[in-house]
Amino acid sequence: MLETPVLCKRIPTWPWGDPADRAYVDYDAFVDTGGYVALKQALDMEPKQVIDAVKSSELRGRGGAGFPAGLKWSFLPPEDGQRRYLAVNADESEPGTFKDRLLLDFDPHQMLEGIAITMHACRLDTTYIYIRGEYHAQAKATQRAIEEAYANGIFGKNSKLGKINDRWPECVLHRGAGAYICGEETGLLESLEGKRGWPRVKPPFPAVAGAFGRPTVINNVETLAMVPPIIEHGAEWFKSMGKGRPDGAPPSVPASFGPKLYGVSGHVNRPDVFEDDLGIPMSTLINEHCAGMRNGKAYKAAIPGGISMGVLGPDEMDAELDFDIGKKHNCLGLGTAGVIVMDEDTDMVMVARNIARFFAHESCGQCTPCREGTGWMYKILLRIEQGGGTTKDLDLLLELAGSMGAMPGTTICGLADGANWAVRTILNKFWDEFASRVSVDRSVSLPVVGAGH
Amino acid sequence: MEQRDLPWIMKNSAGTQIERRDEPYFDAALRDELEADLMPKYPNRRAATLPVLHAVQNKVGYLPYQAIEEIAAFLETTPAEVLDTASFYDQYMTEPQGKYTLWVCHSLSCELMGQPDLLGRIQKKLGVGPGETTDDGKFTLRTAECLGSCGTAPCALVNDVLHETIDTDTFLRSLDDLN
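A few points on the structure. Computed from a predicted structure; not experimentally measured.

**Topic: helix α4 (residues 79–88) of chain B**
Residue and element names in this part refer to chain B.
Okay, step 1: Of the positions making up α4, those classed as buried are Val-82, Thr-85, Ala-86 and Phe-88. Down the axis of α4, the sector holding all buried residues measures 165°, keeping them to one side. Opposite the packed face of α4, turned more than 90 degrees from it, sit the exposed residues Ala-80 and Ser-87.
Okay, step 2: Looking at the packing, one finds that the buried side of α4 touches α2 (49–60) and α3 (65–75).

And the structure:
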C-alpha cells in the first residue's frame, strides 16, 4: 500500500482525504505545496540528463500501451533548428477510464510542469494538449491553468525555459469533437491537423514525422504528471514503489514500477479514482479501496483497464494489476487501469453487446476488416441477446474476432484488437452462459455444385 | 437537371438547392477574433479546422452548408475538406438542433448502473428517440459513447453541463426547469 499520495498529493482521495473536499489547485497554491520545484531542478540539468533520469526510472506510459516513456523520448532525431512538437493525449475516451479527468479537473499544473520539463528535455517548442470534446469543465480548468502558467513565466515570451528551436515555448489547448479514435496517437495527430482522425500507417513513427510532418512526442496526461516527482525525488525513489520485473527476468523485460491511478466503476460501494502501487491485487482494490461489492452481492467479472482489455473471470479476482497482467490472465493488458466491476447479476451477453456496439460506433472506417467486422460483431451479439442466436453464431464470433486487428495484421491501428479481445475473452471465459442463450442450428447447408466464377 | 434524366442516381445531390442567406453565418467580428487569437497558435491554417468549427457551431447552433463554405474560405481550403472533417466527428451538427441537446451516455459503466431505465424514461417524457428533436425545438436527444464519468454513472450532458450519479426522477424534473 502506498504510504503517501504522489499524484493525489493535492487532490483529496481515499484513504488520505475526502473526495468531497476536492477543489481546483491554482498556481499559487501549487507553488506553495512544492510545485514547479522539479522544473527548476530540470532546468539546471542538461536535456540529456533529464531524459536519462526518466529512462532509468523505467516509467511506463500510463495511457494504455505501457511503452517506456524515456525510451520513446530517445527516438527523436537530432535537432535541426526547425520546429518539434509535444502532443499531450487528454482524449480519455475509453469506457471505464476517468483518471486523467481527475488531474485535469483539480490539479492540471502537475501536467503542465511535466510538459515544461519534457519540452526542455526533448527540445520541443510547442505543446498541443488534445482534450476530448466532451470534457467541457476540464477544458475550462486546463485553460485556466495554462493562462496562469503563461502569467508566471512557464510558457510564452521570456519563459523560464528560454528559447527552444529559436522560439519561445508555447502551450495550446486543442479541443476534440467526439471521436474515440483520436486517442490513437496518429489519429490524434491527424485530428490536430484539422482532418478526420484516421490513424496513419507506421513507420514513420511520430518521433520522426509526427504533427505537421515534424518530430513529435506524444504522452498521456498521467505519464507527464509523473515526470516532475521523478526528477525531484530520483529514479530510485520511483522504483521503490510498484512491482519489479518477475524473478529471473532480464533487465530488457519492462517492469511495473511506481504509483498508478486506478479508476474503479461499476457495482462497488465506493467507485472513484484511487492512487496506489502498480501491481496491487484487484481484490484489494475492490474490498478495501471501494469498500466492497454493492448491496452485498458476489463478484462475477471485471475489466482490468478500459473495455478494450478483455475481461477477468470469476476466479481471477486476485489478479495483480500490473503491466504483466495480460500474459498471466489471458487478457490484452492493464490498459488505463480503469477497472469496471460486475456483480453476480450481470448478464455477460449484455456486456459483450455493449462493448461491441461501442467499437462498431467508434471504428473510423478506414480499414475494411474493422469497419465491417465490428458492425457484424455487434449485430450477432444483439441477435444472441434477443434470443435469436444459434450455436453457429458463437463460432462465427470467434472467427471474426480472430481475423480483424493489427495483431492478425489486417488493420492499421489497434481499435479492432480491442474489440476482438473484449469479445473473445468474454466468450471464452463465460462460454456456458452464451451457450445457454443460443439454440442449436438445425438448418442444413449443402455444398452448391458448380458454384464460383 | 431533372432526376428522371438520370434514373440510376438514387440521391440527386447535383440538383439539391443549397439554402443561402445574404448575411454570413461566420461574420466579420468572429473572423477577426479568431484571426487574432487562434490562428497564430497553428503552423498552418487548416489545423484550426476543429476550433473554428466549434466557434461557428457555438454561435449558430449548427453548421449549415453556407457556413462550411465560409469556413473553407477563411481556412484557405475547400468546402469538401471542411465538410469531410465536420462530418467525421459526433459533436458537429449539419442540421438544426434543439435548444438543449441531451447526451445520455450508454457505455458499459452507465449501462451497468441503470442507463436503460434513464434513457427509456427520457424518451417517454419527450416523445422522441435518440437523434430526434422535440416538435417545440427545445430538446434534441442523443446517446453518447462514454462521457468519462464512469465512477459517477449514470451520467448525461445537457449542452455542456455534466450531470452525474443521475437519479432519474430528479433529472426529469430538472428538464422542466429549463427555459
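Back to the text.
**Looking at a nonpolar patch on the surface**
Okay, step 1: There is a patch of nonpolar side chains on the surface, built from A:Phe67, A:Leu71 and A:Phe75 and spanning about 270 Å² of accessible area.
Okay, step 2: Here A:Phe67 lies in the loop between α3 (47–57) and α4 (69–73).

**Topic: the interface of chain B and chain A**
Okay, step 1: If you look at the interface, chain B gives 37 residues, while chain A gives 56 residues.
Okay, step 2: Summed over both sides, the interface of chain B with chain A buries roughly 3,600 Å², with 56% coming from carbon and sulfur.
Okay, step 3: Our count for the contact surface shared by chain B and chain A stands at four salt bridges.
Okay, step 4: A salt bridge links B:Glu164 to A:Arg101; the shortest N-O distance between them is 3.0 Å.
Okay, step 5: Our count for the contact surface shared by chain B and chain A stands at 22 residue pairs in polar contact (both at pLDDT 80 or more).

**Here's the deal with unusual backbone geometry**
Residues and elements named next belong to chain A.
Okay, step 1: Here the residue pair Trp-14 and Pro-15 is connected by a cis peptide bond, since its omega of 0° sits within 30 degrees of zero.
Okay, step 2: Summarising the element assignment, Pro-15 is placed in the segment before α1 (27–32).
Okay, step 3: That bond from Pro-203 to Pro-204 is cis: its omega, 5°, falls within 30 degrees of zero.
Okay, step 4: Its location among the elements puts Pro-204 in the loop between α8 (185–192) and β4 (216–220).
Okay, step 5: Although it is not a glycine, Tyr-36 adopts a positive phi angle of roughly 60°.
Okay, step 6: Mapped onto the fold, Tyr-36 is located in the loop between α1 and α2 (37–43).
Okay, step 7: Backbone geometry at Glu-58 places phi at a positive 55°, although glycine is not the residue there.

Parameters at a glance
- Residues numbered from 1 in each chain as written.
- Chains lettered and ligands numbered in written order.
- Predicted model: local features only at pLDDT ≥ 70, side-chain atom pairs only at ≥ 80, totals over all residues.
- Heavy atoms only, no water.
- Buried < 20%, exposed > 50% of the residue type's maximum accessible area, 1.4 Å probe, protein only.
- Helix = DSSP H or I, 4+ residues; strand = E, 2+ residues; numbered from the N terminus.
- Arc of directions from axis to C-beta.
- Contact = heavy atoms within 4.5 Å.
- Patch = residues over 30% accessible without salt bridge, like charges linked within 9 Å, V, L, I, M, F, W, Y side chains within 5 Å.
- Areas by Shrake-Rupley, 256 points an atom, 1.4 Å probe, with all protein chains shown as cover.
- Salt bridge = Lys/Arg side-chain N within 4 Å of Asp/Glu carboxyl O.
- Buried area = accessible area lost by both parts, 1.4 Å probe.
- Polar contact = N/O pair within 3.5 Å; in protein donor to acceptor, adjacent residues only side chain to side chain.

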